[in-house]
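Residues per chain, in single letters:
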Amino acid sequence: MVSKIYCRQKAAVKALVCRGKVENNDLVGSDSGELNNDSSRKNLAVFVSGGGSNFRAIHEASMEGLVNGKVTILVTDKPGCGGAVYAREKGIPVIVYPRRSSVPEGLSTSDLVTSLRKYETHFILLAGYLKLIPVELVHAYPKSIINIHPSLLPAFGGKGYYGIKVHEAVVASGARYSGPTIHFVDEKYDTGRILAQRVVPVMASDSAEELAARVLHAEHKLYVEVVVALCEDRITWRPDGVPLIQNKGNPTLYY
Ligand SMILES: Nc1nc2c(c(=O)[nH]1)N[C@@H](CN(C=O)c1ccc(C(=O)N[C@@H](CCC(=O)O)C(=O)O)cc1)CN2
Ligand SMILES: NCC(=O)N[C@@H]1O[C@H](COP(=O)([O-])[O-])[C@@H](O)[C@H]1O
């Protein structure tokens, strides 16, 4: 039965390849892109727009066996970005999204959802992806899309707050602390439920670049910790809607 489903899905992905929708060298069947037949491991779709250091941290943790999941597709609006280059080197299928006049090979949202389903995606991880995720995709993956933002939300978040702009605003504000936030994604920028944060100091002498480097280091650790918990089904929701992470060593402890 599984083999029949697998063949059907492989044919469907081939159809998307024929329509130039999925890069041919990333066709289903590569080690990292093969449809997952290991039912216990979670399938992760990572979305990037830039260098992809968070994506690489997650992929490396997955390859080392720290994460009960694997990166099965990389989605990007910038097919030449560092994250896409890394994905191709590792044999991970790359999907371009969204379709724009400047990027005609990009998928429509409905085609993207079709691809995500064909790859049996469990979770979508935004890691430096700079486009708004449309409500159709948010609704297609309820409580299954998370994002990392390089400030302590709700401060310094929302439209216009991305990349170095965030750290420039933090330094200019005189804030003494900053740090990464991981949150569930809703239909607006950075307003989804906060799942995890880490605090780093802002030094009086910090440039935006120095602060960015300190926060990014904390991001890599935090994102891997959160993805480990996500793939071990250790996320639970408080009655008031706040998501919590169950401590691995002490299941009665949540944070
Ligand atoms: N529906 C959602 N989509 C996305 C979210 C989200 O929380 N909900 N998070 C962003 C990531 N992000 C902050 O973490 C973010 C990214 C980009 C922007 C922004 O202002 N973008 C510019 C365009 C930038 C570009 O294309 O180079 C804009 O919209 O004018 C703010 C926050 C990912 N998607
Ligand atoms: N608002 C979204 C945003 O600013 N995201 C930030 O983009 C960077 C991507 O780095 P990476 O490509 O090396 O992971 C990260 O610092 C991430 O928090």
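If you're wondering where the values come from, they're calculated on a predicted model, not measured in any experiment. (Residues numbered from 1 in each chain as written. Chains lettered and ligands numbered in written order. Predicted model: local features only at pLDDT ≥ 70, side-chain atom pairs only at ≥ 80, totals over all residues. Heavy atoms only, no water.)

## Re the sheet that holds strand β3 (residues 94–96)
For step 1, the next point in the chain: An order of β3-β2-β1-β4-β5-β7-β8 is seen for the 7 strands of this open sheet, with the pairing classed as mixed. Edge positions in the sheet fall to β3 and β8 (194–197), since each has one partner strand and no second. Along the sheet, successive strands turn relative to each other by an average axial angle of 25 degrees, direction set aside.
For step 2, the next point in the chain: Against the sheet, helix α7 (residues 208–231) engages β1 (42–48), β2 (69–76), β4 (123–126), β5 (145–149), β7 (181–184) and β8, with an angle of about 165 degrees to β5. (Pairing = 2+ DSSP bridges. Helix = DSSP H or I, 4+ residues; strand = E, 2+ residues; numbered from the N terminus. Axes fitted to C-alpha atoms, helices over the stretch in contact; angles between N-to-C directions. Contact = heavy atoms within 4.5 Å.)

## Points about the environment of Gly82
For step 1, the next point in the chain: Mapped onto the fold, Gly82 is located in helix α3 (residues 82–89).
For step 2, the next point in the chain: Classification of Gly82 by relative accessible area gives partly exposed; the value is 34%.
For step 3, the next point in the chain: Counting along the chain gives 97 residues from Gly82 to Gly179, while the straight-line C-alpha distance between them is 23 Å.
For step 4, the next point in the chain: Those residues in contact with Gly82 that sit more than four places away from it in its chain are Gly50 and Gly51. (Buried < 20%, exposed > 50% of the residue type's maximum accessible area, 1.4 Å probe, protein only.)

## Remarks on the site of ligand 2
For step 1, the next point in the chain: Around ligand 2, a shell composed of 13 residues is seen, among which Gly52, Ser53, Asn54, Gly163 and Glu219 lie nearest.
For step 2, the next point in the chain: In this structure, an oxygen atom belonging to ligand 2 sits 2.8 Å away from a main-chain N or O atom of Gly163.
For step 3, the next point in the chain: Here ligand 2 loses 86% of its free accessible area of 450 Å² to cover by the protein chains.
For step 4, the next point in the chain: Secondary-structure elements contributing two or more residues to the shell around ligand 2 are α2 (53–63), β5 and α7.
For step 5, the next point in the chain: Along the lines of polarity and charge, the residues of the shell around ligand 2 split into 5 nonpolar, 7 polar and 1 charged. (Near = heavy atom within 4 Å. Polar contact = N/O pair within 3.5 Å; in protein donor to acceptor, adjacent residues only side chain to side chain. Areas by Shrake-Rupley, 256 points an atom, 1.4 Å probe, with all protein chains shown as cover. Nonpolar A, V, L, I, M, F, W, Y, C, P; charged D, E, K, R; others polar.)

## Things to note about the nonpolar core
For step 1, the next point in the chain: Counting 36 residues, the largest nonpolar core has Phe55, Leu74, Leu125 and Tyr223 as its most contacted members.
For step 2, the next point in the chain: If we skip the residues at most four places from it in the chain, Phe55 touches Val46, Val48, Val71, Leu74, Gly83, Tyr86, Ala87, Ile92 and Ala127.
For step 3, the next point in the chain: Counting residues in hydrophobic clusters, the runner-up holds 21 residues, among them Val113, Ile133, Val138 and Ile145. (Core = buried A, V, L, I, M, F, W, Y, C linked by side-chain atoms within 4.5 Å.)

## Digging into α7
In an α-helix, one turn spans 3.6 residues, which is why side chains three or four residues apart end up on the same side.
For step 1, the next point in the chain: For α7, built from 24 residues, the straight-helix expectation of 34 Å at 1.5 Å per residue is met to within 8% by its first-to-last C-alpha distance of 33 Å.
For step 2, the next point in the chain: Following α7 by one or two positions, Asp233 adopts a phi angle in the positive range, close to 55 degrees. (Expected span 1.5 Å × (residues − 1).)

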